[in-house]
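# Inside the fold
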Amino acid sequence: MTYAITQTCCSDATCVSVCPVNCIHPTPEEPDFGRTEMLYIDPRSCIDCGACADACPVEAVFPVDSLPAAQREYGPLNAAYFADRETGQEPGGPNFHVWGEPAFTRSLPSDFAPIRVAVVGTGPAGMYAAEDLLLHTGAEVTLIDRLPVAGGLIRYGVAPDHLATKKAGDTFARFHTHPRVRMHLGLEVGRDVSAQELAAHHDAVVYAVGAPAGRRLGIPGEDLPGSVCATTFVSWYNAHPEVAADAVHLSGERVVVVGNGNVALDAARILVSDPGALAEGDIARHALEALRAGSVREVVLLGRRGPEDAAYTRSEVLALGHLAGVELVVDDHDPRIGAAIDAAGPGDRAALLRGVARTAVDWSGPPPAGRRIVFRFHSAPVEALGEDAVRAVRVTDGADGEGGGAAANGREIPAGLLLRAVGRRGLPVPGLPFDETTGTVPHEGGRVTGLPGAYVVGWIKRGPSGGIGANRTCAAETVGTLLDDAVNGALPAPAYGAKAFRRLARSRNRRIVDARGLAEIERAELALGRRDGRPRVKLATVPELVAAARGSRRRIPG
């Protein structure tokens, strides 16, 4: 019996490091690492030891013979990755994959003194950097987040029905109470303390602030009520305290989503899923109530290009095919769509839609009975229509979809909500340089250009690409650069000690949450979940989170 990696793979390569026979690929040393949608286990060399399953932080590894019906495709998918690849097996060797030469990329002197490092942001990028520092050096780490709770995109970006993926947060949570860690949650750099003050109290500062802004479409009507950025929608259903409970209205039967990446598919899946099934996850209480009361029955996914260029991953499309009571449809309005699907090879994106029904959708009336997701390729938004709110979206039709097209040749799709899922963008960090074109902080190997002692990691460093696991290698590069600077004496000496920063932080913000307060929030949310028969009920406002951190029940919803 062999093992297979499945949908929730985070590609952080923890499994690679524990495999005794080198059967998991691509490894971080191989060119394909970071370019494939997930990692794969070679069934020819897997010895059924289960080490990878035990080490996986997101419960993505299972015996092939035990895969549930919704994941049985992953046995053949893992095997297919190796079908046409040379393994480099040595004659008579015990493994199908040759081990590379050992590499030691870091060398710290034996008398390397502990340094104080502030990490701004407690999402995956920041926590991978903190983990690296804590496990491999004697550094003292100050964890800072502008929100009064830790987690970043694991808490507020991962879809609420992907609970296994959220388990990556458990791996990071063990460092929250590390003896060399101090937490300051609810402290915002640029508002409560400046970048200069932060630097004056630490040897180095690592910024892991992500890409919080959504990109715009640049079309008329984009700012109408009912036109919502997907980052707002995701934050809304994940109980982000900066997005109000009434930020999204689901009164219409049809929703148009611009984009066909994984965020767009997440939004479509949440909108048409059975609310009873969603209640088994940690979806925000207000979002669950809105979905139960709403009337959405159809979601239209607009893609400017064809199915061969779709941005979603294989696993997300396969998951849509297992949604109970939800039909998948390809709008066959352009002859190029069917031709691309029929001509696609087994590993091509377009091939994922080969078994999906194709029909020329009639947009003149309401959606048909039932619930469905419609893939509409070669179509781009031209205008959001409506006076007081979005009532329809004008889109390009057929060959005019490539360049934005003339509105006169377009088609109106009635809709009560327009979701813009066309990517994220970083925002300037006060006190740091910023590249407006890329939405990132200029850097060299993670070292902020022209600012000694400042470093970046994650999306603010490389742009909004890559999932949770991509941040491990990104953090390794940044921490390596930081340690090289420390060894070479290039870090500015801090003017103040650790206790001085704690006093400064508390004087600026009396509502700061520490590790003990974070544990209280965890207890409160789990208790609310037990009461409602759910795994967790998230507290959705800053006052509720701060009250829970202080052990107070007065301001926590009953």
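Coordinates for the structure precede this section.
A brief structural summary. All figures in this text were calculated on a predicted structure; none of them were measured in a lab.

### Notes on the overall build of the protein
Along the protein, the regular secondary structure elements total 19 helices and 23 strands. On C-alpha atoms alone, the protein measures out to a radius of gyration of 24 Å, which is about the 24 Å that the 2.2 N^0.38 rule sets for 558 residues. In terms of overall dimensions, the protein has a C-alpha envelope of 70 × 70 × 50 Å along the principal axes. Once local pairs closer than 6 in sequence are excluded, the contacts in the protein between residues at least 24 apart make up 74%. For the protein, the computed accessible surface area is about 23900 Å², with 51% contributed by carbon and sulfur atoms. Across the protein, the 59 positively charged side chains and the 66 negatively charged ones have centroids separated by 8 Å.

### Concerning the packing of aromatic side chains
For the structure on display, the rule yields seven aromatic pairs. Summarising the aromatic geometry, the rings of Tyr 128 and Phe 172 are spaced 4.9 Å apart at their centres and angled 85 degrees between planes, so their arrangement reads as edge-to-face. Linking Tyr 128 in helix 4 (residues 124-136) with Phe 172 in helix 7 (residues 168-173), this pair joins segments that are 44 residues apart in sequence. Through successive ring pairs, a cluster of aromatic residues spans Tyr 40, Tyr 81 and Phe 82.

### Considering the nonpolar core
In terms of nonpolar packing, the biggest core is built from 75 residues, with Ile 5, Ile 24 and Ile 41 touching the most fellow members. With residues near it in sequence (within four places) discarded, Ile 24 still touches Ile 5, Cys 15, Val 16, Cys 19, Leu 39, Tyr 40, Ile 41 and Cys 52. Counting residues in hydrophobic clusters, the runner-up holds 53 residues, among them Leu 301, Ile 337, Ile 341 and Phe 375.

### Topic: the sheet that holds strand 11 (residues 254-258)
Backbone hydrogen bonds are what pair the strands of a sheet, in a parallel or an antiparallel way. Ordered in space as 10-19-11-12-15-13-14, the seven strands form an open sheet in which the pairing is parallel. Lying at the two open borders of the sheet, with one neighbouring strand each, are strand 10 (227-229) and strand 14 (357-359). Taken over all neighbouring pairs, the strand axes of this sheet differ in orientation by 25 degrees on average, direction set aside. Bridging between strand 13 (residues 326-331) and strand 14 involves three bridges; their strand directions are parallel. Along strand 14, the bridge assignment pairs Asp 331 with Thr 359.

### Remarks on the pairing of strand 15 (residues 371-376)
Across the six residues that make up strand 15, a large majority, five, are buried. Pairing of strand 12 (residues 298-302) with strand 15 involves five bridges; the strand directions are parallel. In the strand pairing of strand 15, Val 300 is matched with Val 374. For strand 13 and strand 15, the ladder comprises five bridges, and the chain directions are parallel. Residue pairing for strand 15: Val 330 is matched across the bridge by Phe 375.

### What to know about the sheet that holds strand 17 (residues 392-395)
Spatial ordering of the open sheet is given by 16-17-18, a layout of three strands whose pairing is antiparallel. In this open sheet, the two strands that pair with only one neighbour each are strand 16 (381-385) and strand 18 (411-414). Direction aside, the axes of adjacent strands within the sheet are offset by 25 degrees on average. Across four bridges, the pairing between strand 17 and strand 18 is antiparallel. Note on strand 18: the bridge partner recorded for Arg 394 is Glu 412.

### A closer look at the pattern of salt bridges
In the structure shown here, the tally under the stated rule is 39 salt bridges. Put simply, Arg 146 and Glu 242 hold a salt bridge, and the shortest N to O gap is 2.4 Å. Remark: Glu 242 occurs in the loop between helix 9 (230-237) and strand 11 and Arg 146 occurs in the loop between strand 6 (140-145) and helix 5 (153-156); sequence separation between them is 96 residues. On the basis of relative accessibility, which here comes to 35%, the residue Arg 146 falls in the partly exposed class. Among the salt bridges present, the one from Arg 523 reaches Glu 520, with a minimum N-O distance of 2.8 Å. Linking Arg 523 with Glu 520, this pair stays in helix 18 (residues 515-532), spanning three residues, or about one helical turn. On the accessibility criterion, Glu 520 (23% relative accessible area) is partly exposed. Because the salt bridges share partners, they merge into one network encompassing Asp 12, Glu 131, Arg 174 and Arg 472.

### Looking at the side chain of Gln 71
Note that Gln 71 resides in the loop between strand 4 (61-63) and helix 3 (74-82). Setting aside chain neighbours within four positions, we find Gln 71 in contact with Thr 6, Gln 7 and Phe 62.

### A look at the packing of helix 9 against helix 10 (residues 262-272)
Remark: helix 9 packs on helix 10, axes separated minimally by 11 Å, with the N-to-C direction vectors making an angle of 45 degrees. In this view, helix 9 runs oblique relative to helix 10, as classed from their interaxial angle. In this structure, helix 9 crosses over helix 10, and the sense of that crossing is left-handed. The segment helix 9 lies against helix 10, with Ala 230, Phe 233, Val 234 and Tyr 237 engaging Val 263, Asp 266, Ala 267, Ile 270 and Leu 271. Class assignment of the residues belonging to the contact of helix 9 with helix 10 gives a composition of eight nonpolar, no polar and one charged.

Conventions and cut-offs
Residues numbered from 1 in each chain as written. Predicted model: local features only at pLDDT ≥ 70, side-chain atom pairs only at ≥ 80, totals over all residues. Heavy atoms only, no water. Helix = DSSP H or I, 4+ residues; strand = E, 2+ residues; numbered from the N terminus. Rg over C-alpha atoms; globule rule 2.2 N^0.38 Å. Contact = heavy atoms within 4.5 Å. Areas by Shrake-Rupley, 256 points an atom, 1.4 Å probe, with all protein chains shown as cover. Lys, Arg positive; Asp, Glu negative; His and termini not counted. Charge placed at Lys NZ, Arg CZ, Asp CG, Glu CD. Phe/Tyr/Trp six-rings, centres within 6.5 Å; stacked < 30°, edge-to-face > 60°. Core = buried A, V, L, I, M, F, W, Y, C linked by side-chain atoms within 4.5 Å. Buried < 20%, exposed > 50% of the residue type's maximum accessible area, 1.4 Å probe, protein only. Pairing = 2+ DSSP bridges. Axes fitted to C-alpha atoms, helices over the stretch in contact; angles between N-to-C directions. Salt bridge = Lys/Arg side-chain N within 4 Å of Asp/Glu carboxyl O. Parallel < 35°, antiparallel > 145°, perpendicular 65-115°, else oblique. Left-handed = near helix turned anticlockwise from the far one by under 90°. Nonpolar A, V, L, I, M, F, W, Y, C, P; charged D, E, K, R; others polar.

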